[in-house]
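Residue-level structure breakdown
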Amino acid sequence: RHSRRAFREIFEAVSLASQFRIAAIASVTVTLIAVQLVVALWDSRVARQDALELANDMATAIEARVARSGPANSLDGLAGHRVFIAADLHLPTGEVLQRFDRGAPLDGTNAPGSPEQRPVAPASRGFAHRVLQFLALQPAYVERTVQVTPQVTGTLGLLLDHRLAWNAAADRLGQAPIVLI
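In this text the structure is predicted, and so the values were computed from the model without any measurement.

**Some remarks on the packing of aromatic side chains**
Per the counting criterion, the structure on display carries 1 aromatic pair. Their ring planes at 20 degrees and their centres at 6.3 Å tell us that Phe7 and Phe11 sit as a pair that is stacked. You can see Phe7 and its partner Phe11 sitting in helix H1 (residues 2-13), 4 residues apart, about one turn around the helix. Here Phe11 falls in the partly exposed class, since its relative accessible area comes to 27%. Across the ring face of Trp42, the terminal group of Arg45 is positioned such that the distance to the ring centre comes to 5.1 Å.

**Thoughts on the confidence of the model for the chain**
Regions with low pLDDT should not have their predicted coordinates read in detail. Overall, the prediction assigns the chain a mean pLDDT of 82, with 87% of residues at 70 or greater. Segment residues 106-110 is flagged for pLDDT under 50; beyond a separation of four residues in sequence, or across chains, it makes 7 contacts in the model.

**Focus: the nonpolar core**
As a rule of thumb, soluble globular proteins bury nonpolar side chains together. Core analysis: the largest hydrophobic core is formed by 21 residues, its most contacted members being Leu75, Leu78, Phe84, Leu156, Leu158 and Leu160. Where this core is concerned, the elements lending two or more residues are helix H2 (16-69), strand E1 (84-90), strand E3 (140-147) and strand E4 (153-160). No other element matches the 7 residues that H2 contributes to this core. Judged by nonpolar contacts, the second largest core, of 5 residues, contains Ile85, Val120, Tyr141 and Leu159.

**Observations concerning H1**
With 12 residues, H1 extends 17 Å from end C-alpha to end C-alpha; this agrees with the ideal 16 Å at 1.5 Å per step. Counted residue by residue, H1 has 0 buried out of 12 residues, so it is predominantly exposed.

**A short note on the pattern of salt bridges**
A complete count under the given rule lists 6 salt bridges for this structure. A salt bridge links Glu63 to Arg144; the nearest nitrogen and oxygen atoms lie 3.3 Å apart. In this pair, Glu63 is assigned in helix H2 and Arg144 in strand E3, connecting sequence segments 81 residues apart. A single salt-bridge network, built from bridges that share partners, covers Arg102, Asp161 and Arg163.

**Digging into unusual backbone geometry**
At Asn73, a residue that is not glycine, the phi angle is positive and equals roughly 60 degrees. Relative to the helices and strands, Asn73 resides in the loop between H2 and E1.

**A word on the environment of Gly70**
With respect to the helices, strands and loops of the structure, Gly70 is situated in the loop between H2 and E1. The spacing of Gly70 and Val148 is 78 residues in sequence and 6.6 Å in space, taken between C-alpha atoms.

**Focus: a nonpolar patch on the surface**
A grouping of Leu41, Phe127, Val131, Phe134, Leu135, Leu137 and Trp166 is seen on the molecular surface, where their side chains present a nonpolar patch of about 720 Å² in accessible area. Counting residues per element, the nonpolar patch draws most heavily on helix H3 (residues 127-134), at 3 residues. For Leu137, a relative accessible area of 48% corresponds to the partly exposed category.

**Overview of the side chain of Asp161**
The topology assignment puts Asp161 in the loop between E4 and helix H4 (163-173). For Asp161, a relative accessible area of 9% gives the class buried. Engagement of the side chain of Asp161 in a polar contact is seen with the side chain of Arg102, the distance being 3.1 Å. Not counting residues up to four positions away in its chain, the partners in contact with Asp161 are Arg82, Val83, Ile85 and Arg102.

What counts, and where the lines are drawn
Residues numbered from 1 in each chain as written. Predicted model: local features only at pLDDT ≥ 70, side-chain atom pairs only at ≥ 80, totals over all residues. Heavy atoms only, no water. Phe/Tyr/Trp six-rings, centres within 6.5 Å; stacked < 30°, edge-to-face > 60°. Helix = DSSP H or I, 4+ residues; strand = E, 2+ residues; numbered from the N terminus. Buried < 20%, exposed > 50% of the residue type's maximum accessible area, 1.4 Å probe, protein only. Lys NZ or Arg CZ within 6 Å of the ring centre and 35° of its normal. pLDDT = per-residue confidence, 0-100. Contact = heavy atoms within 4.5 Å. Core = buried A, V, L, I, M, F, W, Y, C linked by side-chain atoms within 4.5 Å. Expected span 1.5 Å × (residues − 1). Salt bridge = Lys/Arg side-chain N within 4 Å of Asp/Glu carboxyl O. Patch = residues over 30% accessible without salt bridge, like charges linked within 9 Å, V, L, I, M, F, W, Y side chains within 5 Å. Areas by Shrake-Rupley, 256 points an atom, 1.4 Å probe, with all protein chains shown as cover. Polar contact = N/O pair within 3.5 Å; in protein donor to acceptor, adjacent residues only side chain to side chain.

Next up, the structure:
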C-alpha cells in the first residue's frame, strides 16, 4: 500500500501532458505483452499440431514400409526427428517387434527380446491425461494399427515430446523485449 501511494503521489506530481504520455506508454506496453502471450500460446498450439501431423505422416510411412518389407528396421526413420521420444511396433500379445528409444544406449541392451522391451504406452487414457496432453504438459501418444503380415495385425505406438511446443512459445516470448523497444 505504501509503495502504491508513493507511486500515485509521483504520478500526480507530474504535468497532465506527462501523465497522459505515461498512461499511453503503459497501455501500449501492456497491450504488446498481452499480444505476445496470445501469439506465444498460438505458436505452442501450432507446434503441437505440427508434431501430431508429423506423427501421422510417419505412421503412414512406417505402415507402408512394414507392408513392403516387414517389421525389420521399420522405425529407423524416426531417429532424424526430435519430436519422437519413443516408438514401437508390437503385437496384441505385447511382444515388441521393433523399438525406437531416443535415449536408449546403442550397446544392444534394448534389442528385441530383452527385458527392457515393453510396449510404449500412454501414462493413462483418462480425461485428465488427455487434457494434460492437449495443453502439452505431458507427452502425447499416437497409436495406429499396422498389418504386419496378412494374418497378423500389430500396433504402432509413437510417444511425442511435449517440450517442443513450449520451446516454440519460449522462443516467441524471447522476442518480447525486442517488440517493446
